[in-house]
Amino acid sequence: MTLQTQLVLRALLEDPAKERYGLELCELAGLPSGTIYPILARLEQVGWVDSTWEDPAVHEEAGRPRRRFYQITKDGAEHARDALARGYRSRKQPLPGWAVRPAADGGVS
């Protein structure tokens, strides 16, 4: 799972019951729309996210383009939490056979 996907999932999990539109998710995740929308499409394909279009009357009244809202599904939230937790645990454990050694200049090698 990419870091960008993790950021999108974290944004969706911030309030799982809330529907969020794409640009709102861009702000929450700190990612550009060109990154967010393909991730949301993949998450929707696997059933982790549902999407709905805004009522046409609302966007016409607001004088802006119609928004598509995304919400993490119940199963998606469970899978996302599990995947994020596994990713966190694996980053804390060094890879077998790898050692971090201090370098002569004070860094690591």
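Here the structure is a predicted model, which is why all the values come from computation and not from measurement. (Residues numbered from 1 in each chain as written. Predicted model: local features only at pLDDT ≥ 70, side-chain atom pairs only at ≥ 80, totals over all residues. Heavy atoms only, no water.)

### So, the pairing of strand β3 (residues 68-72)
Next up, step 1: Pairing analysis gives two bridges linking strand β1 (residues 20-21) to β3, with the strands arranged antiparallel. Across the sheet, the residue bridging to Arg20 is Tyr70, located in β3.
Next up, step 2: Strand direction decides the pairing type here: strand β2 (residues 49-53) and β3, joined by five bridges, are antiparallel. Paired with Ser51 across the strands is Tyr70, a residue of β3. (Pairing = 2+ DSSP bridges. Helix = DSSP H or I, 4+ residues; strand = E, 2+ residues; numbered from the N terminus.)

### Overview of the nonpolar core
Next up, step 1: Judged by nonpolar contacts, the single largest core of 21 residues is most densely connected at Val8, Leu12, Ile36 and Leu43.
Next up, step 2: Looking at this core, the elements with two or more residues in it are α1 (3-13), α2 (22-29), α3 (33-45), β3 and α5 (74-92).
Next up, step 3: Examining the composition of this core, we find that five residues originate from one element, α1, more than from any other.
Next up, step 4: With residues up to four places along the chain from it excluded, the contact list for Ile36 reads Val8, Gly22, Leu25, Cys26, Ala29 and Leu31. (Core = buried A, V, L, I, M, F, W, Y, C linked by side-chain atoms within 4.5 Å. Buried < 20%, exposed > 50% of the residue type's maximum accessible area, 1.4 Å probe, protein only. Contact = heavy atoms within 4.5 Å.)

### Here's the deal with the packing of α2 against α3
Next up, step 1: Where α2 contacts α3, the axes come no closer than 9 Å and their chain directions differ by 110 degrees. On the basis of the axis angle, α2 is roughly perpendicular to α3. Read as a crossing pair, α2 and α3 show a hand that is right-handed. Together, Gly22, Leu23, Leu25, Cys26 and Ala29 of α2 and Ser33, Ile36, Tyr37 and Leu40 of α3 make up the contact between the two elements.
Next up, step 2: Here the residues of the contact of α2 with α3 are counted per class, giving seven nonpolar, two polar and no charged. (Axes fitted to C-alpha atoms, helices over the stretch in contact; angles between N-to-C directions. Parallel < 35°, antiparallel > 145°, perpendicular 65-115°, else oblique. Left-handed = near helix turned anticlockwise from the far one by under 90°. Nonpolar A, V, L, I, M, F, W, Y, C, P; charged D, E, K, R; others polar.)

Any link to function would need more than the numbers given here.
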